[in-house]
Amino acid sequence: MKKLQFDPLNIVICGIGGQGNVLASEIVASTMNDMGYRVAVGETYGASQRGGSVMSHVRVSESEDLGVLIPSGEAHIIIGFEPLETLRMARQYAGANTMVIYDPRPIYPLGVLQGNQTYPAIEDIKKELEELTAEAHAVQAADIAMEIGDARAANVALLGAFSRLPGSPLNTEELAAILTQRFQGRALEINQKAFARGCAAIDGEGGGTDE
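These notes cover the structure that comes with them. Only a predicted model underlies this, so the values are computations on that prediction, with no experimental measurement involved.

To continue, consider helix 1 (residues 21-34). Compared with an ideal rise of 1.5 Å per residue, which puts 14 residues at 20 Å, helix 1 spans 20 Å between its outermost C-alpha atoms and is within 8% of the ideal. Listed as buried for helix 1 are Asn-21, Ala-24, Ser-25, Ile-27, Val-28, Ala-29, Ser-30, Thr-31 and Met-32. Following helix 1 by one or two positions, Gly-36 adopts a phi angle in the positive range, close to 105 degrees.

What follows is the structure in structure tokens.
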């Protein structure tokens, strides 16, 4: 068990219902628990079956028993599956040390599609995220997943990117090993490709990031 950069380490994972962010939070939390850390997980759902907001709080400590909710302004890492949801969470939970990884591909709510609401420009979202956080990485996870043949792999692409952050509690090898336990056959192959592309996005090698 390696020493955490922050203890407790607070991670927010957010998106829209059906994007796989709950599975991503479960993978992170269960892996950390198996490694000997104390982990608390809290989740909130906003009509998730109808494309509503879904957010998970993952709190990790070497020795402390934690409450499940992250205090405002105290998230260290935010993993966002949808840009506006990422910004909403950053406005509440980001602080001076927060790092963000997010997919900049928007999912428009019904009100926007019907013309009753407006959706902010992606460049405006990106700018505010950069202002609110220490680091903000835009990773085209949905595009990566579709390119390799399965849109469901976007969550694994973001986990790959997450593993390359200096403050990540899980390194690339640890998270990659989990894939072999979670998937088999073609699903394993696809998710391994998505994971590698997510890593490359942060490393600047794979064209998966727009930074």
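Glancing now at helix 6 (residues 154-163). For helix 6, the buried fraction is high: 10 of the 10 residues fall into the buried class. Taken together, the buried positions of helix 6 are Ala-154, Asn-155, Val-156, Ala-157, Leu-158, Leu-159, Gly-160, Ala-161, Phe-162 and Ser-163.

Here we take up a nonpolar patch on the surface. On the surface, a nonpolar cluster with roughly 350 Å² of combined accessible area is contributed by Tyr-108, Leu-110 and Leu-113. In this fold, Tyr-108 is placed in the loop between strand 5 (94-102) and helix 3 (110-113).

A separate point is the packing of aromatic side chains. Applying the stated rule across the entire model yields 1 aromatic pair. Between Tyr-108 and Tyr-119, the ring centres sit 5.0 Å apart and the planes meet at 85 degrees, which makes this aromatic pair edge-to-face. Taken together, the positions of Tyr-108 in the loop between strand 5 and helix 3 and Tyr-119 in the loop between helix 3 and helix 4 (122-132) put the pair 11 residues apart, joining distant regions of the chain. Its relative accessible area of 42% is what places Tyr-108 among the partly exposed residues.

Here we come to the packing of helix 6 against helix 7 (residues 172-182). At a minimum axis distance of 8 Å, the contact between helix 6 and helix 7 shows a crossing angle of 155 degrees. It follows from the interaxial angle that helix 6 and helix 7 lie roughly antiparallel. As for how helix 6 packs across helix 7, the hand of that crossing is right-handed. Contacts from Val-156, Leu-159, Phe-162 and Ser-163 of helix 6 reach helix 7 at Thr-172, Leu-175 and Leu-179.

The residue Thr-133 is located in the loop between helix 4 and strand 6 (135-138) in this model. With a relative accessible area of 10%, Thr-133 lands in the buried category. Engagement of the side chain of Thr-133 in a polar contact is seen with the backbone oxygen of Glu-135, the distance being 3.2 Å. Dropping the residues within four chain positions of it, Thr-133 is found in contact with Ala-94, Gly-95, Thr-98 and Val-100.

Glancing now at the nonpolar core. Ranked by size, the top nonpolar core spans 43 residues in total, and within it Ile-11, Val-28, Ile-79, Val-139 and Phe-162 carry the most contacts. Among all residues touching Val-28, those that are not within four sequence positions of it are Ile-11, Val-58, Leu-159, Phe-162 and Leu-170.

Looking at the secondary structure, you find Tyr-93 in helix 2 (residues 83-93). Spatially, the C-alpha atom of Tyr-93 lies 19 Å from that of Leu-4, the residues being 89 residues apart in sequence. Apart from the residues within four sequence positions on either side, Tyr-93 is in contact with Val-12, Met-55, His-57, Ile-70, Pro-71, Ser-72, Gly-73, Glu-74, Ala-75 and Thr-98.

Take the side chain of Glu-85 next. Topologically, Glu-85 is positioned in helix 2. Contact partners of Glu-85, with chain neighbours within four places excluded, come to Cys-14, Gly-15, Ile-16 and Ser-53.

Taken as a whole, this structure holds 8 salt bridges when the rule is applied. The partner of Arg-182 in a salt bridge is Glu-26, with the nearest N and O atoms 2.6 Å apart. With a gap of 156 residues between them, Arg-182 in helix 7 and Glu-26 in helix 1 connect regions that are remote in the sequence. A residue is classified by how much of its surface remains accessible, and Arg-182, at 37% relative accessible area, is partly exposed. For Glu-85, the salt bridge goes to Arg-88, with nearest N and O atoms at 2.9 Å. Of the two residues, Glu-85 and Arg-88 are both situated in helix 2; the distance of 3 residues between them amounts to about one turn of the helix. Residue classification places Glu-85 among the buried residues on the basis of a relative accessible area of 9%.

Rules used in this analysis
Residues numbered from 1 in each chain as written. Predicted model: local features only at pLDDT ≥ 70, side-chain atom pairs only at ≥ 80, totals over all residues. Heavy atoms only, no water. Helix = DSSP H or I, 4+ residues; strand = E, 2+ residues; numbered from the N terminus. Expected span 1.5 Å × (residues − 1). Buried < 20%, exposed > 50% of the residue type's maximum accessible area, 1.4 Å probe, protein only. Patch = residues over 30% accessible without salt bridge, like charges linked within 9 Å, V, L, I, M, F, W, Y side chains within 5 Å. Areas by Shrake-Rupley, 256 points an atom, 1.4 Å probe, with all protein chains shown as cover. Salt bridge = Lys/Arg side-chain N within 4 Å of Asp/Glu carboxyl O. Phe/Tyr/Trp six-rings, centres within 6.5 Å; stacked < 30°, edge-to-face > 60°. Axes fitted to C-alpha atoms, helices over the stretch in contact; angles between N-to-C directions. Parallel < 35°, antiparallel > 145°, perpendicular 65-115°, else oblique. Left-handed = near helix turned anticlockwise from the far one by under 90°. Contact = heavy atoms within 4.5 Å. Polar contact = N/O pair within 3.5 Å; in protein donor to acceptor, adjacent residues only side chain to side chain. Core = buried A, V, L, I, M, F, W, Y, C linked by side-chain atoms within 4.5 Å.

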